[in-house]
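Listed below, chain by chain, are the residues.
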Amino acid sequence: MEKKLSHIDASGNAAMVDVSEKLVTSRTAVASGRVEFPKEVFDTLAAQDFFG
C-alpha cells in the first residue's frame, strides 16, 4: 500500500477529493481547545465577568 496523503496534490497544495461514490456513514468528532491569557488580561476579563 502506497503511503501518501489523499488531499495533497503533487505540488503540496490542498486538493479536493471526489467522494461522490462513498457510502453515507455516521461519524463523530470531538475537539477541545485552550486559550492562555497574560495574568493581567485574565484578571481584567474576570473582573468584567467575561467568563461567567
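Model, not experiment: these values are computed from the prediction. Numbers given to residues run from 1 along each chain, matching the order in which its sequence is written. A pLDDT threshold of at least 70 governs which residues receive local features in this predicted model, and a stricter bar of 80 or more applies before side-chain atom pairs are shown or counted, although totals over entire chains, interfaces and linings include all residues. With hydrogens and water set aside, each side-chain value is computed from the structure's full complement of heavy atoms.

Undergrad: What's the story with the overall build of the chain in this structure? I'm lost.
TA: What the chain contains, in helices and strands, is one helix and zero strands. The globule rule used for comparison is 2.2 Å times the number of residues to the exponent 0.38, while the radius of gyration itself is calculated over C-alpha atoms. Computed over the C-alpha atoms, the radius of gyration of the chain is 21 Å, more than 25% above the 10 Å expected from 2.2 N^0.38 for a compact globule of 52 residues. Taking the principal axes of its C-alpha atoms as reference, the chain extends roughly 55 × 30 × 20 Å. A buried classification covers 2% of the 52 residues belonging to the chain. A total of about 5,700 Å² of accessible surface is found on the chain, and carbon and sulfur atoms cover 56% of it. Numbering of helices and strands starts at the N terminus; helices are DSSP runs of H or I of at least 4 residues and strands are runs of E of at least 2. Per-residue accessibility, obtained with a 1.4 Å probe over protein chains only, is compared with the maximum for each type, and a residue is labelled buried under 20%, exposed over 50%, and partly exposed between these values. The protein chains shown are the only cover counted for residues, whose accessible areas, like all others here, come from Shrake-Rupley with a 1.4 Å probe.

Undergrad: Can you help me understand the packing of aromatic side chains in this one?
TA: The description of two aromatic rings rests on the distance between their centres and on the angle between their planes. Aromatic pairing here means that ring centres of Phe, Tyr or Trp (its six-membered ring) are within 6.5 Å. Orientation follows from the plane angle: under 30 degrees is stacked, over 60 is edge-to-face, and everything else is tilted. Under the counting rule described, the total for this entry stands at three aromatic pairs. Three or more aromatic residues joined by ring pairs make a cluster, and in this case those are Phe37, Phe42, Phe50 and Phe51.

Undergrad: Looking at this structure, how should I read the pattern of salt bridges?
TA: Two side chains with opposite charge may pair up if their charged atoms get near one another. Salt bridges are defined as contacts in which a side-chain nitrogen from Lys or Arg sits within 4 Å of a carboxyl oxygen from Asp or Glu. Within the structure shown, the criterion is met by two salt bridges. The partner of Arg34 in a salt bridge is Glu36, and the shortest N-O contact between them spans 2.9 Å. Just as Arg34 is exposed, Glu36 falls in that class too. The salt bridge partner of Asp43 is Lys39, with a shortest N-O separation of 2.8 Å. With Asp43 and Lys39 both in helix α1 (residues 39-47) and four residues apart, the pair spans about one turn of that helix.

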